[in-house]
Amino acid sequence: MLPPGIRIMHRGAAPQVHPTAYVAPTATLVGDVRIGPHARVMYGAVLDAEGSRIEVGESTVVCENAVLRASAVTADQPVLLGDHVFVGPHATLLGCTVQRCCYLASSASVLQEARVGAGAVVAVAALVHARTVLPEEFFVPPHTLALGDPVRLLAPGDPDVPEAVGRLGFAGTAFGVDASWTDRLARHERIAEVRGQEFAAHRDDRPAAG
């Protein structure tokens, strides 16, 4: 029988996998990651708790090459998946909460401090931006941007997208960076520095037992 994934001790925490769960041998679990009963984490998925935690609920499926990353750079930003959630291939979930019975399709993204209500759908390649709140059973169409509370949907190419994103304060929420939206070089320089400092903690990682 193949071992349940690549499990890494990070910041003193080791992944925990329920005996009834399945974690593919090439999936990677880093730090305080908790995989619930009958959950499935498939090939190539990466679940990285950083300084926070990741919780995967009962019978939840995380498909191939999905990335789930928590953070504690600006605040405690865990990734919390309820029961019976489906996370499609190549999806990206960063410091967000997804309630039970949600469907996140291939290449969907949900960013920091967003909340996805029970039964909601985030369709193929759609983006739920930081601090956005999706009501229960809400549908985000393919390739669409959802942002705000109450949520607003913007289609690709909508001329309101740059201004709407600029008002979100994303860099502050995700990285604690307060450089102006219009000062792109300063913003991106500081973002790289902040993320680099966070990732430096991986120097002390080691394989988790058993």
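Here the residue numbering is sequential within each chain, running from 1 through the sequence in written order. pLDDT decides what is reported in this predicted model: residues at 70 or higher carry local features, side-chain atom pairs at 80 or more are listed and counted, and totals for whole chains, interfaces and linings draw on all residues regardless. Values shown for side chains rest on all heavy atoms present in the structure; no hydrogens or waters enter the calculation.

1. Focus: the sheet that holds strand β6 (residues 40-41)
Part 1 of the argument: Strand pairing is assigned whenever DSSP detects at least two bridges linking the two strands. By the criteria applied, helices consist of DSSP H or I runs no shorter than four residues and strands consist of E runs no shorter than two, each listed in order from the N terminus. Spatial ordering of the open sheet is given by β3-β6-β9-β12-β15-β18-β21, a layout of seven strands whose pairing is parallel. The open sheet has two free edges, formed respectively by β3 (22-23) and β21 (139-140), since each of these has just one partner strand.
Part 2 of the argument: Where strand β18 (residues 121-122) and β21 come together, two bridges link them in parallel fashion. The residue of β21 that forms the bridge with V122 is V140.

2. Examining the sheet that holds strand β8 (residues 54-56)
Part 1 of the argument: Here seven strands make up an open sheet; going across it, the order is β2-β5-β8-β11-β14-β17-β20 and the pairing parallel. The open sheet has two edge strands with one neighbour each: β2 (16-17) and β20 (133-134).

3. Re the confidence of the model for the protein chain
Part 1 of the argument: Put simply, the protein chain has an average pLDDT of 95, and 98% of its residues get 70 or more.
Part 2 of the argument: As a per-residue measure, pLDDT reflects the predictor's confidence and takes values from 0 up to 100. Helix α1 (residues 161-166) is the least confidently modelled element of the protein chain, averaging 88 in pLDDT, while strand β12 (residues 86-87) averages 99, the highest of any element.

4. Here's the deal with the pattern of salt bridges
Part 1 of the argument: Think of a salt bridge as a Lys or Arg side-chain nitrogen and an Asp or Glu carboxyl oxygen that are within 4 Å of each other. Within this structure, the stated rule accounts for ten salt bridges.
Part 2 of the argument: Two residues, D48 and R69, come together in a salt bridge whose shortest N-O distance is 3.8 Å. Taken together, the residues span a long stretch of sequence, with D48 in strand β7 (residues 46-48) and R69 in strand β10 (residues 67-69) at a distance of 21 residues.
Part 3 of the argument: Burial classification: accessible surface area is computed with a 1.4 Å probe over protein chains only, and a residue below 20% of its type maximum counts as buried, one above 50% as exposed, and the rest as partly exposed. For D48, a relative accessible area of 6% corresponds to the buried category.
Part 4 of the argument: Under the relative-accessibility criterion, R69 is labelled partly exposed at 22%.
Part 5 of the argument: The residue E193 makes a salt bridge to R190 at a minimum N-O spacing of 3.2 Å. Note that E193 and R190 are positioned in helix α3 (residues 184-199) at a spacing of three residues, about one turn of the helix.
Part 6 of the argument: Several salt bridges converge on common partners, so that one network encompasses D32, R34, R53, E55 and D76.

5. What to know about the environment of E113
Part 1 of the argument: Locating E113 in the fold gives a position in the loop between β16 (109-110) and β17 (115-116).
Part 2 of the argument: Measuring from C-alpha to C-alpha, the distance between E113 and V133 comes to 8.8 Å, with 20 residues separating the pair along the chain.
Part 3 of the argument: Residue contacts are defined here by distance: any two heavy atoms, one from each residue, within 4.5 Å place the two residues in contact. Every residue in contact with E113, bar those within four places of it in the chain, is listed here: A75, Q77, L94, G95, C96, R131, T132 and T173.
Part 4 of the argument: Whenever two N or O atoms come within 3.5 Å, that pair is a polar contact, provided that in protein one can donate a hydrogen and the other can accept it, and provided that, for residues adjacent in sequence, both atoms are side-chain atoms. Only 2.8 Å separates the side chain of E113 from the side chain of Q77, close enough to count as a polar contact.

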